[in-house]
Amino acid sequence: MAEASSVNVGSGCEEKGPEELSQESARPGTIISRVKLFDTMVDTFLQKLVAAGSFQRFTDYYKSFYQLQPEMTQRIHDKFVTQLQTSIQEEISEIKAEGNLEAVLIALDTIVEESKDRTEPAWRPSGIPEKDLRSAMAPYLLQQRGALQRRVQKQEAENRQLADAVLAGRRQLEELQLQAQARQQAWQALHREQKELLAVLKEPE
């Protein structure tokens, strides 16, 4: 099996491998999506796997059976290779679907594309978790503090308006009480004057 892993790819396929795609992506004006690069890497892996398990190498391990049933050996090898490729491709497809890998790779391409026009250096961790956490959380905390201060100021303004309304209501109530007292006093004075007048009228001549 160690010998099989050292076999070079000799399939003659003209599809470009990940090394060639990386060289292409380094050329000016050439953009290779990460999804395409990933798919090419998978295809290249499958090609090398098939080359390592070539029919010639397969028959070297099963010489006796091959000498008795060469056609059957060929069919078994073909079916084995086909099922192996299908199984690997299905596993990779499940991994891509479960991890939403294609969307993540596309998002990475978008981030890289958008960052091309930036002149400031990209953020890099300092190696000190506490410092990195503070630098990452500081803008959010400042924003939240500003929002909280605005809410407090708005609430304080509403409280002042409410307090002013309460004071105004108290003053109005006091004025009404004073007016009521004045009317009561005026009525009492009038009532006394009426009694005095009636008393004068009743006096004998």
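Residues numbered from 1 in each chain as written. Predicted model: local features only at pLDDT ≥ 70, side-chain atom pairs only at ≥ 80, totals over all residues. Heavy atoms only, no water.

Engineer: Which residues make up the overall build of the protein chain, and what values do they have?
Structural biologist: Helix and strand counts for the protein chain stand at eight helices and zero strands. Its helices and strands in sequence order give the protein chain the pattern α-α-α-α-α-α-α-α, from N to C terminus. By residue count, 12% of the 205 residues in the protein chain fall in the buried class. By sequence separation, contacts in the protein chain at least 24 residues apart represent 59% of the contacts at least 6 residues apart. If you sum the accessible surface of the protein chain, you get close to 17,400 Å²; carbon and sulfur atoms cover 56% of it. (Helix = DSSP H or I, 4+ residues; strand = E, 2+ residues; numbered from the N terminus. Buried < 20%, exposed > 50% of the residue type's maximum accessible area, 1.4 Å probe, protein only. Contact = heavy atoms within 4.5 Å. Areas by Shrake-Rupley, 256 points an atom, 1.4 Å probe, with all protein chains shown as cover.)

Engineer: Run through a negative patch on the surface, naming residues and quoting values.
Structural biologist: Negative charge collects at one region of the surface, where Glu90, Glu91, Glu94 and Glu98 lie side by side. Looking at the secondary structure, you find glutamate 90 in helix α6 (residues 70–98). Under the relative-accessibility criterion, glutamate 90 is labelled partly exposed at 48%. (Patch = residues over 30% accessible without salt bridge, like charges linked within 9 Å, V, L, I, M, F, W, Y side chains within 5 Å. Salt bridge = Lys/Arg side-chain N within 4 Å of Asp/Glu carboxyl O. Lys, Arg positive; Asp, Glu negative; His and termini not counted. Charge placed at Lys NZ, Arg CZ, Asp CG, Glu CD.)

Engineer: For α6, give the residues involved together with the corresponding values.
Structural biologist: Given a rise of 1.5 Å per residue, 29 residues ought to cover 42 Å, and the 42 Å separating the end C-alpha atoms of α6 matches this to within 8%. Within the sequence span of α6, burial applies to Thr73, His77, Val81, Ile88 and Ile92. In the core, the buried residues of α6 are packed alongside α3 (34–52), α4 (55–61) and α5 (63–68). (Expected span 1.5 Å × (residues − 1).)

Engineer: Requested: an account of the side chain of threonine 73, with residues and values cited.
Structural biologist: Turning to its location among the elements, threonine 73 is positioned in helix α6. Within polar-contact distance, the side chain of threonine 73 engages the backbone oxygen of glutamine 69 at 2.6 Å. Once residues lying within four places of it in the same chain are set aside, the contact partners of threonine 73 are Phe55, Phe58, Thr59, Phe65 and Tyr66. (Polar contact = N/O pair within 3.5 Å; in protein donor to acceptor, adjacent residues only side chain to side chain.)

Engineer: So what's going on with α3? Which residues, and what values?
Structural biologist: Compared with the 27 Å implied by 1.5 Å per residue over 19 residues, the 27 Å span of α3 between its first and last C-alpha is a close match. When α3 is considered as a whole, its buried residues turn out to be Val35, Thr40, Val42, Thr44, Leu46, Ala51 and Ala52.

Engineer: Describe in detail a nonpolar patch on the surface, supporting the description with residues and values.
Structural biologist: Nonpolar side chains collect at one region of the surface, where Tyr61, Tyr62, Phe65, Met72 and Ile76 lie side by side and expose about 470 Å² of accessible area between them. Looking at the element boundaries, methionine 72 is found in helix α6. Using a relative accessible area of 33% as the deciding quantity, one classes methionine 72 as partly exposed.

Engineer: How would you sum up the confidence of the model for the protein chain? Please name residues and give values.
Structural biologist: Per-residue confidence for the protein chain averages 79 on the pLDDT scale, and 82% of its residues sit at or above 70. Within the protein chain, the element-level pLDDT minimum falls on helix α1 (residues 2–5), averaging 38, and the maximum on α6, averaging 88. Long-range and interchain partners of residues 1–15, a stretch whose pLDDT sits below 50, account for 14 contacts in this model, where long-range means more than four residues apart. (pLDDT = per-residue confidence, 0-100.)

Engineer: Got a sec to walk through the packing of α3 against helix α7 (residues 101–114)? Specific residues and values, please.
Structural biologist: Each pair of packed helices can be described by the angle between their axes along with the distance between the axes. Direction vectors running N to C along α3 and α7 enclose 130°, while the axes themselves pass 8 Å from each other. Comparing the axis directions of α3 and α7 gives the class oblique. Residues Arg34, Val35 and Phe38 of α3 lie in contact with α7, whose contacting residues are Leu101, Glu102, Leu105, Ile106, Leu108, Asp109 and Val112. (Axes fitted to C-alpha atoms, helices over the stretch in contact; angles between N-to-C directions. Parallel < 35°, antiparallel > 145°, perpendicular 65-115°, else oblique.)

Engineer: Lay out unusual backbone geometry in plain terms, naming residues and giving numbers.
Structural biologist: Backbone geometry at asparagine 100 places phi at a positive 50°, although glycine is not the residue there. Within the element layout of this structure, asparagine 100 appears in the loop between α6 and α7. Residue asparagine 100 is classed as partly exposed on the basis of its relative accessible area, which comes to 47%.

Engineer: Describe the packing of aromatic side chains, with residues and values.
Structural biologist: The tally for this structure, following the rule as stated, stands at two aromatic pairs. Here the aromatic rings of phenylalanine 55 and tyrosine 66 are separated by 5.7 Å at their centres, their planes lie at 75°, and the arrangement is edge-to-face. Taken together, the positions of phenylalanine 55 in helix α4 and tyrosine 66 in helix α5 put the pair 11 residues apart, joining distant regions of the chain. Their ring planes at 40° and their centres at 5.0 Å tell us that phenylalanine 58 and tyrosine 62 sit as a pair that is tilted. The buried category is assigned to phenylalanine 58, whose relative accessible area is 18%. Accessibility expressed as a relative area gives 45% for tyrosine 62, which makes it partly exposed. (Phe/Tyr/Trp six-rings, centres within 6.5 Å; stacked < 30°, edge-to-face > 60°.)

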